[in-house]
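Residues per chain, in single letters:
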Amino acid sequence: MIREYELNIGPNHPGIHGNFQVHLKLEGDTIVEAKGNSGYLHRAFEKLMEQRTYLQNLALIPRVCVPEPDINEATYAMAIEELMGVEIPERAKFIRTIVLEAARSMALLLHFGGTAAMIGNYTVNYWAVADRDLMIDIFLKLSGARVYHMYIWPGGVRRDTYPGFEDDVLGWVKYMKERLSEYDNLFFKNPMFMHRARGLAKISKEEALQMGVTGPNLKATGVKVDVRLDEPYAAYPYLDFDVPVLDDGDAWAREIQRRLELELSLNLIEQAVKKMPKGEVWKKMPNPFKWVIPEGEAYARVESSRGEYGYYFVSDGTDKPYRVAIRGVSMPHMYPLAEKLLVGQKLSDAPFILETLDICPPEIDR
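The present account deals with the structure reproduced in this document.

Conventions and cut-offs
- Residues numbered from 1 in each chain as written.
- Predicted model: local features only at pLDDT ≥ 70, side-chain atom pairs only at ≥ 80, totals over all residues.
- Heavy atoms only, no water.
- Salt bridge = Lys/Arg side-chain N within 4 Å of Asp/Glu carboxyl O.
- Helix = DSSP H or I, 4+ residues; strand = E, 2+ residues; numbered from the N terminus.
- Buried < 20%, exposed > 50% of the residue type's maximum accessible area, 1.4 Å probe, protein only.
- Polar contact = N/O pair within 3.5 Å; in protein donor to acceptor, adjacent residues only side chain to side chain.
- Contact = heavy atoms within 4.5 Å.
- Pairing = 2+ DSSP bridges.
- Axes fitted to C-alpha atoms, helices over the stretch in contact; angles between N-to-C directions.

To continue, consider the pattern of salt bridges. Throughout the structure, instances matching the rule amount to 36 salt bridges. With a closest N to O distance of 2.7 Å, Glu87 and Lys93 form a salt bridge. The salt bridge involving Lys93 is made with Glu90; its shortest N-O contact spans 3.0 Å. Of this pair, Lys93 and Glu90 both sit in helix 3 (residues 90–118), three residues apart, which is roughly one turn of that helix.

This is the structure in structure tokens:
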């Protein structure tokens, strides 16, 4: 009988989002070592951006993370606006907030579908994809694109909302709020999920902070850190909200944390739509084909569905960035967090644990 062996999950595997590999060493069905192996999606996004003009980069940056592309547009625009000393119109701040929270909601739905599928509950996946598609239709009407919107631009947003946008968004929010109880019954309160997730792959707040973990993975350990509260941007200073926090630190807490954050996102969208003022949506700037960004450096960050996401820019005063560095959330969540949490676990739990960490491989391969 073979007692010790090695096994690869990925780079193409239902338990891995995107092309990524986790190399496991096992004794029986117990994992004794886990090593992430990235690079399968490497496109050198950061170096490509340094070879293109600021305008050309708008079509490239959403591709850094497919499930939630709009955070790239927002941080890219915010960094340029800081370098140019531009304050965007009030209406644009609210539209950006609606877009970012809608993108977060869609990413969370996709996440729930993937996590539930890992324990055999495929119905959640079908529901989540269908419910996400309803918001994709709204994005199509708003921006002309389903996934890569290229809608948030330096100076505001590319164009104003369409007639009926507010009704469409509020209708989706109302529908999703009613759906949450159904998701609760099917997944979050499902004994199968609770039995598998309770106490699984637990991490303390001290370990999470030491590893640079952010977002729901950190908040599930009891640490209330959220860029929307700590360094408010867009219209968040105008909205009334608090961030939920759990303290169990296990797979169950990470999923429930995201469930609570989906509910928060729906409330934030509702508030932003109702408080959105009239007015301009784009601060008039020089011809985008001739954008020359003043010399300097800037770091802009937002709270993504996975945690703190940021762009660091260095400009040498030309029409192309001199240096770009992206703070992808998934890097610390894979290295070293996932590598640590998988050790000592059963092989059958490995894809489920990876899903609860919500790792987006292109953020690592940027």
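And the narrative resumes.
With that settled, consider the side chain of His149. Residue position: His149 is located in the loop between helix 4 (122–143) and strand 4 (152–153). Overall, His149 belongs to the buried group, its relative accessible area being 2%. Here the side chain of His149 touches Arg146 through a polar contact of 3.0 Å, landing on its backbone oxygen. Those residues in contact with His149 that lie beyond four places of it in its chain are Asp70, Glu73, Phe139, Ser143 and Arg158.

The subject of this paragraph is the sheet that holds strand 3 (residues 30–37). Taken together, the three strands give an open sheet; going across it, the order is 1-2-3, and neighbouring strands pair in antiparallel fashion. The strands lining the two open edges of the sheet, one partner per strand, are strand 1 (4–9) and strand 3. Taking the axes of each pair of neighbouring strands and ignoring which way they run, one obtains an average angle of 20° across the sheet. Pairing geometry for strand 1 and strand 2 (residues 21–27), over six bridges, is antiparallel. Note on strand 2: the bridge partner recorded for Glu4 is Glu27. Packing of helix 11 (residues 330–342) onto the sheet brings it into contact with strand 2 and strand 3, and relative to strand 3 it is tilted by some 165°.

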